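# Working through the structure, step by step
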Amino acid sequence: MIINMPDINDHEKLAANREAMIVKLRARLNVFENRYEVSSSRVHAAIDQGIIRETAEVTSWLMAWHRQHRQRGGPGVPGHSGRRPTEPSP
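What you see is a predicted model; the values in this text were computed from it and never measured.

Here the focus is the overall build of the protein. Secondary structure summary: the protein contains three helices and zero strands in total. In sequence order, the protein lays out its α and β elements as α-α-α. A total of 90 residues make up the protein; the buried ones form 23% of that total. For the protein, long-range pairs separated by at least 24 residues make up 48% of all intrachain contacts whose partners lie at least 6 apart in sequence. A total accessible area of about 6,900 Å² is found for the protein, and carbon and sulfur atoms account for 55% of it.

One finds Leu29, Val43, Ile47, Ile52, Val58 and Trp61 to be the most contacted residues of the largest nonpolar core, which totals 13 residues. When residues of this core are traced back to their parent elements, those giving at least two are helix 1 (8-36), helix 2 (43-48) and helix 3 (56-71). When residues in this core are grouped by element, the largest group, five residues, is from helix 3. When neighbours within four sequence positions are excluded, Ile52 is seen to be in contact with Tyr36, Val43, Ala46, Ile47, Val58 and Trp61.

Conventions and cut-offs
- Residues numbered from 1 in each chain as written.
- Predicted model: local features only at pLDDT ≥ 70, side-chain atom pairs only at ≥ 80, totals over all residues.
- Heavy atoms only, no water.
- Helix = DSSP H or I, 4+ residues; strand = E, 2+ residues; numbered from the N terminus.
- Buried < 20%, exposed > 50% of the residue type's maximum accessible area, 1.4 Å probe, protein only.
- Contact = heavy atoms within 4.5 Å.
- Areas by Shrake-Rupley, 256 points an atom, 1.4 Å probe, with all protein chains shown as cover.
- Core = buried A, V, L, I, M, F, W, Y, C linked by side-chain atoms within 4.5 Å.

Printed below as a string of structure tokens:
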């Protein structure tokens, strides 16, 4: 008898929980997108271009977006290297 073998019901519960989390994250992202009038996929560019400031709230938005992307099976955030552009020298 295999003791650590997960039950099929566990897999179904995990899948349902994952889907519920994605729905909650999407609702949260919609609030930010409406408030800032920027899509989540453009928030990094909007920060880099100075359209919005990287506040604690915007950081929370970024974290929610990254979590949603990972929940959907993404390895990282598409189109973003994670590096900030360097400032030109004076």
